[in-house]
Amino acid sequence: MPPASTGASTLIVAASTQSSPAPVAAVPADRLEPGRPGYRRMSFALFAAGVATFALLYSTQALLPAVSASFGATAGQASWTVSAATGALALCVLPMSALSERFGRRQMMTASLVVAVTVGLFVPFAPSLGWLIALRAVQGAALAGLPASAMAYLAEEVRPKALVAAIGLFVAGNSIGGMSGRILTGWVAQAWGWRAALGAVGLLAVACAVVFHFMIPRARHFTPGSLNPKALAKTVAGHLADPLLRRLYAIGALFMTVFGAVYTVIGYRLVEAPFSLPQGVVGSIFLVYLVGTLSSAAAGRLVGRLGRRGALYLAVSTTAAGLLLSLADQLAAVLLGLVLITAGFFAGHAVASSSVSRTATTGRAQASALYQSAYYLGSSAGGTLGAVAFHAGGWAGTVTLGLAAVLGVVSITLYGSRAARIERRRPAAAMASVQN
């Protein structure tokens, strides 16, 4: 996930590989590129869609203390308003990507936005925590269709030399939506309550959906495919049988477990003594996400210097240092800890997610979609387990959970290093046996 996008970049990897056409002799002349009619409209449309998607997906995360107080719920119970959305998205990414192959990228994106935005307008009126969780689950399932289709649309409609810039705008929308949604809800909730905050996010998403509808150009190069469940199942099974891919999926899930736990619970810690920060200030803490833009962009250079495993070791070390530093009762130390956790997470996630596309030689779309599923399941599990740990042992309990997940990443990476050494020795041993 190169830029800081709360998970969006992994989605981008999947969608872009899913629909990349086979090499052809010439690129159609009517493909979009800067300076041509339609390119700017397409860029604004997908930027707006990205903002709506991730503003809605994490809209309750900065509001969890207020939601808990309103319904008399524990942190663990309230955390399901986030976990239900990310979990549903995780489960629906793969089938939604398959449906977009049959019914079209533009149609899938439009349907996803319409359903998610409509549900978003009902969310503020949820009469109980159970209803709120159920509505959030429906919203997450609907949102799975947009990132699963957006990059496929770009790969088909944009000239290759302009594709990176177009992807960058969609990623920027993801990142800004994820961050601004949390900040907006924090300040609105401080003035008018959490229901008004969710309503504000819903109206923001409506505006983005209107922009998308009127500005997205029609698809000119989409060719409908057939739904083939058997072929899909065979490809998925093949990826799950690959030991390296399984390790990468586990690493992505564990990194997101840490991140989901920390950012789900941090609001509870900061509104309590000794910090006692107002809701608006707590929402602004999510500006730390901007650190991820720098660390994920630097991940490629880290891999070049340290190798993939070396970069992962640096990422987990940075994350662990941030977790330990956040235990202090000084606000400056907590903020610095969040910076380190965020930087380590985004760097590690960028390394793992990009490695999936390099490792899978066939069915890259499905390989990346499986990574997305693991990633968002990690987010869902981290949010819920982190809240439970906080309820049981305070912030130290959440940090302990995070350190356990970090240790899991280290163990998997060490095992991968050992497996790679054994694999390298086999040809040499076989050659020596032949010579003898």
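Each value, and the rule that gives it
Residues numbered from 1 in each chain as written. Predicted model: local features only at pLDDT ≥ 70, side-chain atom pairs only at ≥ 80, totals over all residues. Heavy atoms only, no water. Helix = DSSP H or I, 4+ residues; strand = E, 2+ residues; numbered from the N terminus. Buried < 20%, exposed > 50% of the residue type's maximum accessible area, 1.4 Å probe, protein only. Phe/Tyr/Trp six-rings, centres within 6.5 Å; stacked < 30°, edge-to-face > 60°. Contact = heavy atoms within 4.5 Å. Expected span 1.5 Å × (residues − 1). Bend = angle between axes of the 7 residues up to and from the residue. Polar contact = N/O pair within 3.5 Å; in protein donor to acceptor, adjacent residues only side chain to side chain. Axes fitted to C-alpha atoms, helices over the stretch in contact; angles between N-to-C directions. Parallel < 35°, antiparallel > 145°, perpendicular 65-115°, else oblique. Nonpolar A, V, L, I, M, F, W, Y, C, P; charged D, E, K, R; others polar. Patch = residues over 30% accessible without salt bridge, like charges linked within 9 Å, V, L, I, M, F, W, Y side chains within 5 Å. Areas by Shrake-Rupley, 256 points an atom, 1.4 Å probe, with all protein chains shown as cover. Salt bridge = Lys/Arg side-chain N within 4 Å of Asp/Glu carboxyl O. pLDDT = per-residue confidence, 0-100.

Novice: Could you clarify how one ought to interpret the overall build of the protein chain in this entry?
Specialist: Secondary structure assignment for the protein chain yields 16 helices and 0 strands. The buried share among the 436 residues of the protein chain stands at 56%.

Novice: Please clarify how the packing of aromatic side chains should be interpreted in this entry.
Specialist: Two aromatic rings, taken as a pair, are described by how far apart their centres are and by the angle between their planes. Evaluated as defined, the whole model comprises 11 aromatic pairs. Each ring, one from Tyr263 and one from Phe286, has its centre 5.5 Å from the other, and the planes form 35 degrees; the classification is tilted. On the criterion of sequence distance, the pair formed by Tyr263 in helix H12 (residues 243–271) and Phe286 in the loop between helix H13 (279–284) and helix H14 (290–325) is long-range, its members being 23 residues apart. In terms of burial, Tyr263 and Phe286 fall into one category: buried. A centroid spacing of 6.5 Å and a plane angle of 20 degrees characterise the contact between Tyr371 and Tyr375, whose relative ring orientation is stacked. Separated by 4 residues within a single helix, Tyr371 and Tyr375 lie in helix H16 (residues 364–435), roughly one turn from each other. For the residue pair Tyr371 and Tyr375, the accessibility class agrees, reading buried in each case.

Novice: Quick question: what am I supposed to make of the environment of Leu135 here?
Specialist: The residue Leu135 is located in helix H7 (residues 129–143) in this model. When its relative accessible area of 18% is taken as the criterion, Leu135 is described as buried. When neighbours within four sequence positions are excluded, Leu135 is seen to be in contact with Val119, Phe122, Val123 and Ala126.

Novice: When you look at H12 in this model, what are you seeing that I'm missing?
Specialist: Turn by turn, an α-helix covers 3.6 residues, leaving residues three or four places apart pointing in a common direction. Compared with the 42 Å implied by 1.5 Å per residue over 29 residues, the 43 Å span of H12 between its first and last C-alpha is a close match. Considering bend angle alone, the principal kink of H12 is centred on Val265 and spans about 35 degrees. Within H12, 23 of the 29 residues are buried, which leaves the element mostly enclosed by the surrounding structure. A side-chain oxygen of the first residue of H12 lies 2.9 Å from the backbone nitrogen of Leu244; this N-cap is Asp242.

Novice: Would you mind showing me how to read the environment of Thr74 here?
Specialist: As for its position among the elements, Thr74 is in the loop between helix H3 (64–71) and helix H4 (75–78). Aside from chain neighbours lying at most four places away, what touches Thr74 is Ser68, Tyr268 and His391.

Novice: Sorry if this is basic, but what is going on with the packing of helix H5 (residues 80–103) against helix H6 (residues 105–122) here?
Specialist: Geometrically, a packed helix pair is captured by the angle between its two axes and the distance between the axes. Two elements in contact, H5 and H6, have axes separated by 7 Å at closest approach and are oriented at 130 degrees. Classified by the angle between their axes, H5 and H6 sit oblique to one another. Residues Met96, Leu99, Ser100, Glu101 and Phe103 of H5 form the contact with H6, whose own contacting residues are Arg105, Gln107 and Met108. In terms of residue class, the contact of H5 with H6 is built from 4 nonpolar, 2 polar and 2 charged.

Novice: Just checking my understanding: could you explain H7 for this structure?
Specialist: Across its 15 residues, H7 extends 21 Å between first and last C-alpha, which sits within 8% of the 21 Å expected from 1.5 Å per residue. Along H7, the residues classified as buried are Leu129, Leu132, Leu135, Arg136, Gln139, Gly140, Ala141, Ala142 and Leu143.

Novice: So what exactly am I meant to see when it comes to the side chain of Ser59 here?
Specialist: Tracing the chain through its elements places Ser59 in the loop between helix H2 (39–57) and H3. On the basis of relative accessibility, which here comes to 4%, the residue Ser59 falls in the buried class. Engagement of the side chain of Ser59 in a polar contact is seen with the backbone oxygen of Leu56, the distance being 3.1 Å. With residues up to four places along the chain from it excluded, the contact list for Ser59 reads Arg136, Thr185, Leu198 and Val201.

Novice: Sorry if this is basic, but what is going on with a nonpolar patch on the surface here?
Specialist: Taken together, the side chains of Leu121, Phe122 and Leu203 present a nonpolar region at the surface, about 320 Å² in accessible area. In this fold, Leu203 is placed in helix H10 (residues 194–215).

Novice: How do you make sense of unusual backbone geometry when you look at a structure like this?
Specialist: Between Ala273 and Pro274 the backbone carries a cis peptide bond, its omega angle lying at 10 degrees. Mapped onto the fold, Pro274 is located in the loop between H12 and H13. Unusually for a residue other than glycine, Ser276 sits at a positive phi of about 50 degrees. The topology assignment puts Ser276 in the loop between H12 and H13.

Novice: It is not clear to me how the confidence of the model for the protein chain should be interpreted in this structure. Could you clarify?
Specialist: Detail in the predicted coordinates should be disregarded across regions flagged by low pLDDT. Summing up the model confidence of the protein chain, the mean pLDDT is 83 and the portion of residues at 70 or higher is 83%. Taken element by element, the predicted model of the protein chain shows its lowest mean pLDDT in helix H1 (residues 8–19) (41) and its highest in H7 (96). Confidence drops under a pLDDT of 50 for residues 1–25, and excluding neighbours within four residues, the segment shows 96 contacts in the predicted structure.

Novice: Would you mind showing me how to read the environment of Gly402 here?
Specialist: Relative to the assigned elements, Gly402 resides in helix H16. Given a relative accessible area of 3%, Gly402 falls into the buried group. Excluding residues within four positions of it along the chain, Gly402 makes contact with Val258 and Leu323.

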